[in-house]
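Listed below, chain by chain, are the residues.
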Amino acid sequence: MSVLTNELTLGDLLKYEEESLYSRDQVTVAAGQNLRIGTVLGRVDANGKVKALDPAATDGTQIATAVLLQSVDATTGDKSSGIAVTRQSIVAHHALVWPAAITAEEKATATAQLEAVGILVRQGA
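Residues numbered from 1 in each chain as written. Predicted model: local features only at pLDDT ≥ 70, side-chain atom pairs only at ≥ 80, totals over all residues. Heavy atoms only, no water.

Details of the overall build of the protein
So, point 1. Looking only at helices and strands, the protein has two helices and ten strands in total.
So, point 2. Going residue by residue from the N terminus, the α and β elements of the protein occur as α-β-β-β-β-β-β-β-β-β-α-β.
So, point 3. The globule rule puts the C-alpha radius of gyration for 125 residues at 14 Å, and the 14 Å found for the protein is close to it.
So, point 4. In terms of principal-axis extent, the alpha carbons of the protein reach across some 45 × 35 × 35 Å.
So, point 5. A buried classification covers 38% of the 125 residues belonging to the protein.
So, point 6. If you take every contact in the protein between residues at least 6 apart in sequence, the share linking residues at least 24 apart comes to 65%. (Helix = DSSP H or I, 4+ residues; strand = E, 2+ residues; numbered from the N terminus. Rg over C-alpha atoms; globule rule 2.2 N^0.38 Å. Buried < 20%, exposed > 50% of the residue type's maximum accessible area, 1.4 Å probe, protein only. Contact = heavy atoms within 4.5 Å.)

And the structure:
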């Protein structure tokens, strides 16, 4: 018997947001990425586009600034249709997508960076 695996849904990830979609922003996902819902994002200083968090980067994407609310395939070019939570929200810890090689210390730093912009990360939410 085969095992079915469902992708996370918005309800799995986003536990609270302000009314009237105040917590969300439209973002441009930089080319060359295929990002899943829940990906922790950093913003490129030079152009404002978002990429998956990269703690080793020096272009701005080393700072966690948002969480992607829908999967976006930008492998062939920039996608301006991304939606991310950027403020005043609560997200479930288990639904976040982190870089594969992130350390516990880097994850703690990124979580603190998210909380600094109003995105609270909750265990068991």
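The discussion continues.
Examining the side chain of Ser 89
So, point 1. Locating Ser 89 in the fold gives a position in strand β9 (residues 89-92).
So, point 2. When sequence neighbours within four positions are dropped, the list of residues in contact with Ser 89 reads Leu 14, Tyr 16, Glu 17, Ser 23, Gly 118, Ile 119 and Leu 120.

Observations concerning the nonpolar core
So, point 1. Of all hydrophobic cores here, the largest spans 19 residues; its most connected members are Leu 13, Val 91 and Leu 96.
So, point 2. Elements supplying a minimum of two residues to this core: β6 (64-68), β9, α2 (104-116) and β10 (119-122).
So, point 3. In this structure, Val 27, Val 29, Ala 66 and Ala 84 belong to the second largest nonpolar core, which totals ten residues. (Core = buried A, V, L, I, M, F, W, Y, C linked by side-chain atoms within 4.5 Å.)

Some remarks on the pattern of salt bridges
So, point 1. Counting across every chain of the model gives four salt bridges.
So, point 2. Here Glu 17 makes a salt bridge to Arg 24, at a shortest N to O gap of 2.7 Å.
So, point 3. One salt bridge connects Arg 87 with Asp 25, and the closest N-O pair in it is separated by 2.6 Å. Of this pair, Arg 87 sits in the loop between β8 (79-85) and β9 while Asp 25 is found in strand β2 (residues 24-29), placing the two residues 62 residues apart along the sequence. (Salt bridge = Lys/Arg side-chain N within 4 Å of Asp/Glu carboxyl O.)

Concerning the environment of Leu 21
So, point 1. Relative to the elements of secondary structure, Leu 21 occurs in the loop between β1 (14-17) and β2.
So, point 2. The exposure class assigned to Leu 21 is exposed, which follows from its relative accessible area of 52%.
So, point 3. When the C-alpha positions of Leu 21 and Val 85 are compared, they lie 9.1 Å apart, and in sequence the two are 64 residues distant.

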